[in-house]
Amino acid sequence: MAVADKMETEEVWRRRRVWMMWSAGIMRFLLVAYAEWHDEHLEVPYTDIDYYVFSDAAALITQGKSPFDRATYRYTPLLALLLLPNSSLHRCWGKIVFSLADLLVAYLICKILKLRGVSERQCFICAGTWLFNPFTFTVGTRGNCEALVCAMILWLLLCILSGRILQAAFWFGVVVHVRIYPIIYVLPILVVLDRNYEKMIGMDPKGGNSPSSGVVYTLRYLLNWPRVMFGAISGSVFFALCGLFYYIYGGQYLHEALLYHLTRTDHRHNFSIYFYSIYLNEAVGLNVVQRLLAFVPQMSVQLVLVSFFARDLPFCLFLQTVAFVTFNKVITAQYFVWFFCLLPLILPFTTLKLRWRGAALISVWTAAQIHWLGWAYVLEFKGKNTFLPLWIASLVFFAANLLVLETVILHYSFTPVFQQDLLADRHLKEKVSKSE
């Protein structure tokens with residue numbers, strides 16, 4: 001009777017999740033339609049300036065020109081190709097695509113959580129934290145492409161957890177081509193692809209316990225089939241795409257879509273603690289060494305996080321993304337979406353509850369951001385010199401991000417995905433049942 005009641009309860013929550021998805025989709029469609037009216041009648045536009053850049057780049061391709069002829073287009077040509085119907089079908093095409101990707105993220109969140117043994121009720125709550133987060137649904141409906149990147153990251157994570165290493169490698173190559181920052185995930189992914197992973201996907205039936213020693217054994221352990229294939233396929237996909245567009249668009253593609261992001265030093269709309277230094281050196285510009293030095297603390301933190309938390313892959317990716325954004329030379333509001341898509345994956349495994357500590361943490365982070373925005377408004381719209389208070393606000397926001405990292409780590413129940421976890425047992429049972 002208890003089992004039947006549990007199954008019935010799970011079905012109820014599953015239906016609620018379906019209705020929630022439909023409601024979130026309708027809300028996004030209405031926001032896309034509202035944006036048309038808003039942009040037509042109000043002074044401050046709803047549509048993101050980047051969306052006009054994407055659309056103009058797509059229009060240039062239809063004319064047989066380079067998308068990089070559009071000033072400030074610094075993305076892969078794949079994005080402009082995806083938005084070609086903006087010119088021929090409707091200018092809202094891209095927003096609809098991004099909003100659908102937004103919904104796909106919620107679906108993938110539920111798939112990953114179910115794979116890890118999370119209940120339908122928890123899936124409902126976790127998906128809701130993405131679907132109704134003001135940052136996420138406004139970013140997509142304003143015409144920003146970050147939801148596409150988030151969907152690809154969650155899909156490759158799902159492929160890894162499901163044992164589909166070849167698909168994961170392909171999509172990792174694609175997502176790093178589209179956005180460079182996911183390259184930071186390569187280390188924890190390679191850590192996870194060890195002998196336990198081979199055993200889980202049925203490639204190491206003996207469990208890898210055969211006695212051997214020396215350099216040969218070490219190399220065989222480190223350079224196992226999943227790691228070699230992941231590196232070879234993802235690298236081939238990345239370089240094939242980059243080589244193709246370099247062949248078509250030449251050095252313009254290389255500089256705008258790749259090299260620019262490595263040395264980017266914008267000071268406007270930048271939450272980073274580096275923005276004031278960038279502003280003070282704007283006249284003479286930072287040399288290459290100064291620009292690259294900012295990567296030292298950023299990458300050092302990445303190595304520490306990977307060394308401690310790589311076995312719990314979703315949690316490690318979340319921490320890496322928060323740290324990467326926090327220590328980056330340039331931080332804009334759209335970057336927060338990068339870790340918001342990973343946040344629902346760790347919620348079922350944390351003791352941090354919304355009431356009261358969770359709400360306090362959200363309040364501190366939000367207040368630090370509003371504090372920064374207040375000084376930025378006075379600077380940009382009132383024309384007053386608030387650079388020093390704005391830099392102090394950046395330091396406060398930096399401290400708030402570190403507080404979030406520390407608090408989440410302290411209240412998280414570390415759960416390796418392929419060791420002492422339901423996931424590995426479930427895959428092994430499925431393989432046994434299929435063989436029988």
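Worth saying up front: this structure is predicted, and the values here are computed from it rather than measured. (Residues numbered from 1 in each chain as written. Predicted model: local features only at pLDDT ≥ 70, side-chain atom pairs only at ≥ 80, totals over all residues. Heavy atoms only, no water.)

Q: Explain the pattern of salt bridges here, please?
A: A side chain of one charge can pair with a side chain of the opposite charge if their charged atoms are brought near each other. Taken as a whole and judged by the stated rule, the model has eleven salt bridges. Across the pair arginine 74 and glutamate 256 runs a salt bridge whose closest N-O atoms are separated by 3.1 Å. With arginine 74 in the loop between helix 2 (49-62) and helix 3 (77-82) and glutamate 256 in helix 14 (residues 251-262), this residue pair connects regions lying 182 residues apart in the sequence. For arginine 116, the salt bridge is made with aspartate 312, and the minimal N-O distance between the two is 3.4 Å. Of this pair, arginine 116 sits in the loop between helix 5 (93-115) and helix 6 (120-131) while aspartate 312 sits in the loop between helix 17 (295-309) and helix 18 (313-326), placing them 196 residues apart in sequence. (Salt bridge = Lys/Arg side-chain N within 4 Å of Asp/Glu carboxyl O. Helix = DSSP H or I, 4+ residues; strand = E, 2+ residues; numbered from the N terminus.)

Q: Would you explain the nonpolar core in this entry?
A: For soluble globular proteins, the rule of thumb is that nonpolar side chains tend to be buried together. Grouped together as the largest cluster of nonpolar side chains are 115 residues, with contacts concentrated most on Phe54, Tyr73, Trp130, Tyr185, Ile189 and Phe336. With twelve residues, the top contributor of residues to this core is helix 8 (residues 146-161). Tryptophan 130 has contacts with Arg28, Asp102, Val105, Ala106, Ile109, Thr136, Cys150, Val337, Phe340, Cys341 and Pro344, leaving out every residue within four places of it along the chain. (Core = buried A, V, L, I, M, F, W, Y, C linked by side-chain atoms within 4.5 Å. Buried < 20%, exposed > 50% of the residue type's maximum accessible area, 1.4 Å probe, protein only. Contact = heavy atoms within 4.5 Å.)

Q: Explanation requested: the UniProt feature "transmembrane region" (unreviewed entry) in the protein in the structure shown.
A: The feature "transmembrane region" (unreviewed entry), as annotated in UniProt, sits at residues 145-163, 169-193, 228-249, 269-289, 301-327, 333-352, 359-378 and 390-412 in this numbering. For the annotated span residues 169-193, helix accounts for 68% and strand for 0% of the residues, and the straight-line distance between the end C-alpha atoms is 12 Å. Helix makes up 100% of residues 359-378 and strand 0%, and the two end C-alpha atoms of the span are 28 Å apart. (UniProt positions renumbered as here; feature names shortened; annotations may be inferred.)

Q: When you look at the environment of leucine 190 in this model, what are you seeing that I'm missing?
A: Along the chain, leucine 190 turns up in helix 10 (residues 186-192). By relative accessible area, which is 26% here, leucine 190 ends up partly exposed. For the pair leucine 190 and arginine 227, spaced 37 residues apart in sequence, the C-alpha separation works out to 6.0 Å.

Q: Sorry, what's going on with the packing of aromatic side chains here?
A: Geometry of an aromatic ring pair is reported as the spacing of the ring centres plus the angle between the planes. A full pass over the atoms with the stated rule returns 38 aromatic pairs. Ring plane angle 5° and centroid distance 3.7 Å describe the contact between phenylalanine 315 and tyrosine 412, whose orientation is recorded as stacked. Residue phenylalanine 315 is found in helix 18, and its partner tyrosine 412 is found in the loop between helix 22 (387-410) and helix 23 (422-435); the two are separated by 97 residues along the sequence. Per residue, the accessibility class of phenylalanine 315 equals that of tyrosine 412, and both read buried. A network of ring pairs unites the aromatic residues Tyr51, Phe54, Phe68, Tyr73, Tyr75, Phe98, Phe245, Tyr249 and Tyr253 as a single cluster. (Phe/Tyr/Trp six-rings, centres within 6.5 Å; stacked < 30°, edge-to-face > 60°.)

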